[in-house]
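# Understanding the architecture of this molecule
Spelled out from the first residue to the last, the chains are:
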Amino acid sequence: NEPLVIGKGDDLKVRFSVPADYLPERYKPLADDLENRFSIGNQNNIPVKELASLPDLNEAFSLDRRGSFSLFIPQHRDCANNLISALMKQPSFEDFQSLGVYCRDRCNPYMYIYALSVAILHRADCKEIPLPSFAEVLPEKFMDKSVFVRMREESNLVEPGSRIPLEVPKDFSASDLDEEHRVAYFREDIGVNLHHWHWHLVYPNNGPLNIVNKDRRGELFYYMHQQILARYNTERLCNKLKRTKKFNNLREPIPEAYFSKLDAANTSRTWPPRFRNATLGDLNRDKEGFRFELSDLDRWRDRILEAIHTGTVTTPKGDRVTLDIERGIDILGNMLEASGLSINRQLYGELHNYGHLAIAFCHDPDNRYLEQFAVMGDTSTAMRDPIFYRWHENINDMFLVYKDTLPGYTLPELGFKDVRIRNVELSAPGIPMNEFSTFWQQSDVNLSRGMDFTPRGPIFARFTHLQHAPFTVKINVENETGQRRWGTVRIFLAPKYDERNAEVKFKDQRNSFIELDRFVVELPERNNIIERSSLESAVTIPFEYTFRDLDANRPEEGTEAVANFNFCGCGWPQHMLIPKGSPEGFPCQLFVMVSDYEQDRVDSPQSTPSCDNASSYCGVRDSKYPDRRAMGFPFDRPPRGGVVTLAQFLTPNMAVLDTKIKFTDRIVAKRPLQANRALPNKRQ
Ligand code: CUO
């Protein structure tokens, strides 16, 4: 461990000059020696101011430095919130930096990185500080532990520059004997897991109110996770698996096993696995300071369903609040999660978070084996496990029960007077019209920043991940109003057939549409041709944000791209935009709609939107969610009376294109490392 240097890995070539009093007691006698040993020349030393008075951080420091950290555990959250509040309150950037340096060697490192990241994302004076990729800071949470042993060997024997990338096998966590493994490429994708970690950083479930209370936060919790499920289920169908089944009977054995092969370097333990047919038990974890029974979860679920069926929730004072069309889903999202904005945590409990814990501790519910939680307990690893989707299906199902109580959208709500879509085309160079093309690609991630070892210098892990050929959607929109109009284009994709090879019924299909893009267009002419590249999608972050070399890809200081870099860590990875498809071509329906921007516009002035890169799943920093419609519109509510098929659902401003996703089962693209690649400065 290097007490003095922030940013492991000497390729960063900066260090903080730490006031001697900041060193932990253990290292104080070594101050001079450490100063000499880690000195790297004057020009890269960052002087750290000594704070006149330090805030009370006893709670933050009480969390075991060599233990684990979970956002789902209330006590851990309280510790993190103590640190977040202190970091947020620092009056100047220098004070903030100073406190960050002071805390680094006194805190649990997982909690520290979380709290520091939240603070950097939310402090006005940190907008231009890019967060390093979390997969580089803590690679142990994203890849097979065997890679680290190989890495040490390679680094010890071979000079930087001559080292070869260490290939991480695609099938490291299981074999095809386990049929769930067919979708492991999705569950274990680095970008997918980074997105989930980042989403929960941008939308912390608890903490200072000014951080938690964001526009339509609860609704976005519902929508982002609903979209993950829709995507996962499409991947399952592509791989001839049934859609995932909700896990709602908590006493039922869980047939899906999971062995992550991840390492927990900080605790020197491996992540506990879950064996086949494991069952949950009542939790009594004195170590983490919580206990609850499975019957508590059942009771909360019943109360939530009762609230949905009666259309009202009860506040702690006993008042009834209606779950109306405007706010209902937002109230429910915060209540089910539960976030600090829950309308009544006493009554409705903490269903989603405690479900994560019940599953994550099922191997040791009362701590008799002194085991820590499994991957379901951590937002950066939870999506690896098949049970994540089954648990979230259960949560999502309750949201759907609510949505089904709402009336279908009327024709005027769906329509756009005198505006119609004439034609939609999908094209990609070298690929048959109206087809998506998917394949495997290899990309590299620099591991050296996340590792404490010498000799230093870059060393890369090479991953095989899904990729698709970039494509363009061309839409011909006719505007017969005789006036310049504005519209919002909404593009979705859904499987055409279900697991029995029968055409999906619209009542099911509407829940399986995955959003591909949403953007505003001007319709000045009678006949308008709109061409939109998949690289501009409002759902995704650019490829370079996932697989990036921090230094090579760092945007230039002072550019807009710098401000975009952070919040934009949140966003669906571009390489996972299109599901895998199948070698014979997986039939899908591409849905395109142009809605009336007058009905979509968000009125509040957008204060200099900094990151609006992936606004569909992540919102826009410091701004309202940029679309007034319910998230998932027009598929979030049941269809209007009499509508049974997708064709019947369509109004003239919508169109459907039958497409196929054709998958080539080989590594088609290898992406060599490139220095100084410019980051696309993508706007919504
Ligand atoms: Cu994102 Cu369950 O909420 O993990």
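Overview of the structure.

This part takes up the overall build of the protein. Helices and strands together make up the secondary structure of the protein, namely 24 helices and 20 strands. Buried residues in the protein amount to 61% of all 684 residues. The long-range share in the protein, meaning contacts at least 24 apart out of those at least 6 apart in sequence, stands at 79%.

This part is about the packing of helix 9 (residues 190-202) against helix 11 (residues 217-238). Across the interface, helix 9 lies against helix 11 with an axial gap of 12 Å and an inter-helix angle of 175°. Between helix 9 and helix 11, the crossing angle belongs to the class labelled roughly antiparallel. Packed against helix 9, whose contacting residues are His-195, His-196, Trp-199 and His-200, the element helix 11 presents Leu-220, Phe-221, Met-224, His-225 and Ile-228 at the interface. Of the residues contributing to the contact of helix 9 with helix 11, the split by class is 5 nonpolar, 4 polar and no charged.

Let us look at the state of the cysteines. Counting across every chain of the model gives 1 disulfide. You can see Cys-588 has no disulfide; the closest cysteine sulfur is in Cys-238, sitting 6.4 Å from it.

Strand order in this open sheet of 3 strands is 10-13-16, and the pairing throughout is antiparallel. With partners counted over all chains shown, the strands left at the sheet margins are strand 10 (419-427) and strand 16 (527-533), one partner each. The mean inter-strand angle of the sheet, taken between neighbouring strand axes irrespective of direction, is 20°.

This paragraph deals with the packing of aromatic side chains. One pass over the structure, following the stated rule, counts 38 aromatic pairs. Here Phe-492 and Phe-635 contribute two aromatic rings whose centre-to-centre distance is 5.3 Å and whose plane-to-plane angle is 90°, an arrangement assigned as edge-to-face. Separated by 143 residues along the polypeptide, Phe-492 in strand 14 (residues 485-495) and Phe-635 in the loop between helix 23 (615-618) and helix 24 (646-649) bring together distant segments of the chain. Exposure class is identical for Phe-492 and Phe-635. Each is buried. Through a chain of ring-to-ring contacts, the aromatic side chains of Phe-186, Tyr-223, Tyr-232, Phe-388, Tyr-389, Trp-572 and Tyr-617 assemble into a single cluster.

The subject of this paragraph is helix 15 (residues 351-360). Counting buried residues in helix 15 gives 10 out of 10 residues, a clear majority hidden from the surface. Every buried residue of helix 15 is listed here: Leu-351, His-352, Asn-353, Tyr-354, Gly-355, His-356, Leu-357, Ala-358, Ile-359 and Ala-360.

Before going further, it helps to spend a moment on the sheet that holds strand 12 (residues 460-468). Pairing in this open sheet of 7 strands is mixed, and the strands run 3-12-11-20-19-14-15 from one edge to the other. Two strands in the sheet have a free side with no partner beyond their single neighbour: strand 3 (166-167) and strand 15 (514-523). With 9 bridges connecting them, strand 14 and strand 15 associate as antiparallel partners. Bridge pairing links Gly-487 to Val-521 in strand 15. Running over the sheet, helix 11 touches strand 12, strand 14, strand 15 and strand 19 (586-596) and is turned about 120° from strand 15.

It is worth spelling out the pairing of strand 13 (residues 472-479) at this point. In terms of residue burial, strand 13 counts as a mostly covered element, since 6 of its 8 residues are buried. Pairing geometry for strand 10 and strand 13, over 8 bridges, is antiparallel. Note on strand 13: the bridge partner recorded for Val-419 is Asn-479.

This part takes up the environment of Val-592. Note that Val-592 resides in strand 19. Between the C-alpha atom of Val-592 and that of Val-473, which follows or precedes it by 119 residues, the distance is 9.5 Å. Those residues in contact with Val-592 that lie beyond four places of it in its chain are Ile-421, Val-424, Ile-475, Val-489, Arg-490, Ile-491, Asn-653, Met-654 and Ala-655.

Relative to each other, helix 11 and helix 13 (residues 328-337) sit at 75°, their axes nearing to 6 Å. When the interaxial angle is binned, helix 11 and helix 13 end up roughly perpendicular. Mapping the contact onto sequence places Arg-217, Gly-218, Glu-219, Phe-221 and Tyr-222 in helix 11 and Ile-329, Asp-330, Gly-333, Asn-334 and Glu-337 in helix 13. Within the contact of helix 11 with helix 13, the residues separate by chemical class into 3 nonpolar, 3 polar and 4 charged.

This part covers empty space enclosed by the protein. All chains considered together, the criterion is met by 12 cavities of 30 Å³ or more. Its volume calculated, the largest cavity comes out at about 190 Å³. Both of domain 2 (179-403) and domain 3 (411-534 + 579-608 + 628-670) provide at least three residues apiece to the lining of the largest cavity.

Turning next to the pattern of salt bridges. This model, assessed by the stated rule, comprises 41 salt bridges. Here Asp-596 and Arg-485 are joined by a salt bridge, their closest N and O atoms 3.6 Å apart. Of this pair, Asp-596 sits in strand 19 while Arg-485 sits in strand 14, placing them 111 residues apart in sequence. In terms of burial, Asp-596 and Arg-485 fall into one category: buried. Its salt-bridge partner being Asp-517, residue Arg-532 comes within 2.7 Å of it at the nearest N-O pair. Linking Arg-532 in strand 16 with Asp-517 in strand 15, this pair joins segments that are 15 residues apart in sequence. When salt bridges with common partners are traced through the structure, they connect Arg-490, Arg-518, Asp-600, Asp-627 and Arg-629 into a single cluster.

Relative to the elements of secondary structure, Phe-373 occurs in the loop between helix 15 and helix 16 (386-403). C-alpha of Phe-373 to C-alpha of Phe-361: the two residues are 12 residues apart in sequence and 5.1 Å apart in space. Once residues within four sequence positions are removed from consideration, Phe-373 is found in contact with Ser-68, Phe-69, Ser-70, Ile-73, Trp-271, Pro-272, Ala-360, Phe-361, His-363 and Asp-378.

Turning our eyes to something else, we now look at helix 4 (residues 93-104). With 12 residues, helix 4 ought to run about 16 Å at 1.5 Å a step, and its terminal C-alpha atoms sit 17 Å apart, in line with that. Summarising burial for helix 4: 10 of the 12 residues are buried, a large majority. Turning to helix 4, its buried residues are Asp-95, Phe-96, Gln-97, Ser-98, Leu-99, Gly-100, Val-101, Tyr-102, Cys-103 and Arg-104. The inward-facing, buried residues of helix 4 abut strand 1 (15-17), strand 2 (45-47), helix 2 (58-61), helix 3 (74-89) and helix 5 (109-122).

For the rest of this paragraph, the subject is the environment of Gly-281. Inspection of the secondary structure puts Gly-281 in the loop between strand 5 (269-270) and strand 6 (283-285). The exposure class of Gly-281 is buried, given its relative accessible area of 18%. The sequence separation of Gly-281 and Asp-364 amounts to 83 residues, and the corresponding C-alpha distance is 8.8 Å.

Here the focus is the side chain of Gln-589. The residue Gln-589 is located in strand 19 in this model. Within the structure, the side chain of Gln-589 is placed 2.9 Å from the side chain of Gln-509, a separation counted as a polar contact. A polar side-chain atom of Gln-589 sits 3.3 Å from a polar atom in the side chain of Asp-658.

The rules behind the values
- Residues numbered from 1 in each chain as written.
- Predicted model: local features only at pLDDT ≥ 70, side-chain atom pairs only at ≥ 80, totals over all residues.
- Heavy atoms only, no water.
- Helix = DSSP H or I, 4+ residues; strand = E, 2+ residues; numbered from the N terminus.
- Buried < 20%, exposed > 50% of the residue type's maximum accessible area, 1.4 Å probe, protein only.
- Contact = heavy atoms within 4.5 Å.
- Axes fitted to C-alpha atoms, helices over the stretch in contact; angles between N-to-C directions.
- Parallel < 35°, antiparallel > 145°, perpendicular 65-115°, else oblique.
- Nonpolar A, V, L, I, M, F, W, Y, C, P; charged D, E, K, R; others polar.
- Disulfide = S-S within 2.5 Å.
- Pairing = 2+ DSSP bridges.
- Phe/Tyr/Trp six-rings, centres within 6.5 Å; stacked < 30°, edge-to-face > 60°.
- 1 Å grid on protein atoms, 1.4 Å probe; cavity = no way out; pocket = protein on both sides within 12 Å on 5 of 7 lines; lining within 4 Å.
- Points joined across faces, edges and corners; volume = space filled by probe spheres on them.
- Domains from an automatic or database assignment.
- Salt bridge = Lys/Arg side-chain N within 4 Å of Asp/Glu carboxyl O.
- Expected span 1.5 Å × (residues − 1).
- Polar contact = N/O pair within 3.5 Å; in protein donor to acceptor, adjacent residues only side chain to side chain.

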